[in-house]
Amino acid sequence: MPDRSAFDADRRQFIREFSILAGLTSVASVAPWAKALASEDFSGMARNGKARIGIIGVGQRGRALLLNLQQVPHAEIVAVCDIYPPNFERAIALTGGKAQAFVDYRDMLELRDIDAVVVATPLHQHAHIVIDALGADLHVFCEKSMARSLEDCQRMVEADKGSKRILQIGHQRLFNPVYLRAIERARSGEIGDITQIRAYWHRNNNWRRPVPDGDSRLEKQINWRLYKEFSAGLMTELASHQLQVANWFFDDIPSRVMGSGSISFWRDGREVYDSVALIYEYSDGRKLLYDSMINNKHYGLEEQILGSLGTMELETNRIYWENPPPAPGIKQLVEDLDQGVFREIPIGGASWVPETAVSQAGAAIVEGEYSDTLLQMEAFAAAVLNGKAYPGLLREAYYATIAALLGERAMDSGQPVAWPQQYRMPPEPVV
Amino acid sequence: MNYHAQLESMGTRFDLVLPRLGTSRGDALLLQIDAELQQWEQSLSGFRADSAVTLLNARLARDHSAAVDDPLLWQALELADFGYTLTQGWFNIAGGRLYAAYKRNEAVSPAERQAYANARIYLDRATRVVSTQGADTLLDFGGLGKGLALDAVKDILEAAGVRNGFVSFGESSILALGHHPNGAYWSVVVNDPLVRGKILDTFSLRDRFLTISSTVANGAGSGGLQSHLVDPRSGRLIDEQRTVTTVGESGALGEIISTAKLVAGEQLSVASLSASAADSCRLFTHNTGMDGSYA
């Protein structure tokens, strides 16, 4: 049985954070989905039925989504699909044989008792599967990035508009209270003017998955992330998460991007870069500096929001101030001196911490830990039952993938690439 | 015109308040003070990989004995050794290994506790060599570095002809130099860390250092312990909610006495120590309601 207490604790904390956020008018514009989510009552949702969901692609990420969905009370996994036999067998085992199993996703789409599908296949397959699923009148959750090409991203958005179904893309940071609180604090001016964001994702491995018996026919099927036909490598598999964050915090999309990519360490026949460095330019001279590599992991991953008054590091949930506020007692003393007042200087108080006070370690943006993937899947299942998409999510995902693919184009060409006008979405009304 | 500036130093905030002093003169003093604080941090910070004490700890772990070239580190070692004797062993910098283990929530065996109880440093002043007893000794100066730095700040201010000033190091080590321009002293109240609105202690300070040490965690009524203070005689964790206030003529000595009293509780009578050790030292034990136990 799944651990209900952990789920409930997450959920309670999630609701607490969201109810606070939902009360802030600034949140409606920066995270309209959060405001909509905060008004939901999921506790009794399962009594009125469960969202019946099939999972297409049960590899590493698909398995994680499956396990998360199994913890959602108002969701039921009714079908699984994978063309790779080990994944196919594992999916059957994970669902205890209760879900119908398919090798061809088109057969799954013909099921009658299914409401939605989760697409977690290799990137190049996202577009046609998503479009087919929407065409079959099913709601769709698709893992990021959206698609392998700019044109496919646009086709997916158009297919969504032409259907009465939901298309949600997996960007779990949009459901993370740390990020939601951080953007609310950033918009309030707490860290001043944000003119630069630095983001990076560093790993130290060859990014390969084992191919059984060294069967070369399976190489591209298993290691699809390494081949340009199927993936833009680091850009679509890692960077798109952080590009979404940068767009979100700048409340903008880049006007152009320049970059350099290379295969500089893992020269093993792969086609995608193992080292990338890019500059995304936004309006008013604002910039995102981005890099990713897979032969050094010392710095890990981070998004650093650099403001004139402070810095936020989102992955590690920290905020730092350029000029820490003085202790209340010292502040009072300075004011008293200016006014010629002689009175007691209060040291400490109920929230006073002797010895530590403000440290260079900064402070937490939000206390607590969250499983944002779990909350994301819970929200998707709720959206399916409500038959209504949460506003703003698709726009964030679309722009993140477009930015990733334009970055790839800039690196491939060695030239700056401007954001094409046709890849701008019309503004959504604020809910 | 009054001067106020803040720095981040030694893991906390440092506030410098100098009445009736202009910005240019204040900024010049601040630069000098910042340089002094950085020197102390570079000598005594256990959080810096290249600090003098970190390098010393590495040598002691290997050889149990090492020459000390860094003059500030040697000054701190001499004072720590004096503090050990003065407080009858209640102030002991040699227990860092045990402190670190408690901080990491690691299990500590009775043998390890006993090893700490026996640990101490020995100084050969002629050769400036420090040696340790016990193979697992790690030196941790705790708040002593701030006290030493604050003493040095007082010297800088006095040498510059500054007569009045209020200097706070994380609100736990305070220098009240001279007096408030509108009063005969600096009036300070220390609030109870657990009870909002309750005053724990009050002071009228003139040319004195106030040191405040506590085991109490952040947050009203949280009841948790802020730090993992260790009884140097038994190696056991201090699990009582205590706060100590100490007033005296030296910031460094104030740190020694404050820390010793915090871990020793009623077992240490500060009044019985050297007359110049402290003007006052008061222990407040929060969870029993006992207070004002001037030893």
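Whatever comes next refers back to the structure up there.
Here the structure is a predicted model, which is why all the values come from computation and not from measurement.

What counts, and at which threshold
- Residues numbered from 1 in each chain as written.
- Chains lettered and ligands numbered in written order.
- Predicted model: local features only at pLDDT ≥ 70, side-chain atom pairs only at ≥ 80, totals over all residues.
- Heavy atoms only, no water.
- Pairing = 2+ DSSP bridges.
- Helix = DSSP H or I, 4+ residues; strand = E, 2+ residues; numbered from the N terminus.
- Axes fitted to C-alpha atoms, helices over the stretch in contact; angles between N-to-C directions.
- Contact = heavy atoms within 4.5 Å.
- Buried < 20%, exposed > 50% of the residue type's maximum accessible area, 1.4 Å probe, protein only.
- Expected span 1.5 Å × (residues − 1).
- Arc of directions from axis to C-beta.
- Salt bridge = Lys/Arg side-chain N within 4 Å of Asp/Glu carboxyl O.

A. Main features of the sheet that holds strand β10 (residues 208-214) of chain B. Residue and element names in this part refer to chain B. Read from one edge of the open sheet, seven strands run β1-β2-β6-β7-β10-β11-β12, paired in antiparallel fashion. The sheet is open, and its two edges are formed by β1 (3-9) and β12 (280-285), each paired on a single side. Strand-to-strand twist across the sheet, computed as the mean angle between neighbouring axes with direction ignored, equals 10 degrees. Of the strands in this sheet, β2 (12-18), β6 (165-169), β7 (173-177) and β10 touch helix α6 (residues 144-159), which is tilted by about 20 degrees from β7.

B. Spotlight on the pairing of β6 of chain B. All names here are of chain B. Within β6, five of the five residues are buried, leaving the element largely enclosed by the surrounding structure. When β2 meets β6, the two strands line up antiparallel, connected through four bridges. Residue pairing in the sheet places L16 in a bridge with V167 of β6. Note: β6 against β7, five bridges, orientation antiparallel. Note that in β7 the partner of V167 across the bridge is L175. Between the end of β6 and the start of β7, which pair antiparallel, lie three residues, with G170 showing a positive phi angle near 60 degrees.

C. Helix α12 (residues 328-339) of chain A, seen in detail. For α12 of chain A, with 12 residues, the first-to-last C-alpha span of 17 Å sits near the 16 Å given by 1.5 Å per residue. Among the residues of α12 of chain A, those classed as buried are G329, I330, Q332, L333, V334, D336 and L337 of chain A. Packing partners of the buried residues in α12 of chain A comprise β14 (345-347) of chain A together with β1, β2, β6 and β8 (186-191) of chain B. G340 of chain A, located one to two residues past α12 of chain A, shows a positive phi value of around 70 degrees.

D. Summary view of helix α5 (residues 110-118) of chain B. Residues and elements named next belong to chain B. For α5, the set of buried residues is R113, Y116 and A117. Across the axial projection of α5, the buried residues extend over an arc of 105 degrees, all falling on one side. Close packing links the buried residues of α5 with α4 (96-103).

E. The arrangement of the side chain of E143 of chain A in detail. Residue and element names in this part refer to chain A. Relative to the helices and strands, E143 is located in strand β5 (residues 139-143). Using a relative accessible area of 6% as the deciding quantity, one classes E143 as buried. In this structure E143 touches R61, L65, V119, A120, H126, I169 and G170, once residues within four positions along its chain are discounted.

F. Here's a closer look at the pattern of salt bridges. Tallied over the full model, the rule gives 32 salt bridges over all chains. R155 of chain A is the salt-bridge partner of D152 of chain A, the closest N and O atoms lying 2.6 Å from each other. Taken together, the residues D152 of chain A and R155 of chain A, both in helix α8 (residues 150-162) and three residues apart, mark about one turn of the helix. Residue classification places R155 of chain A among the partly exposed positions, given a relative accessible area of 41%. In this structure, R62 of chain B and D63 of chain B form a salt bridge, with 3.0 Å as the shortest nitrogen-oxygen distance. For R62 of chain B, a relative accessible area of 61% translates into the label exposed. A single salt-bridge network, built from bridges that share partners, covers R148, K228, E408 and D412 of chain A.

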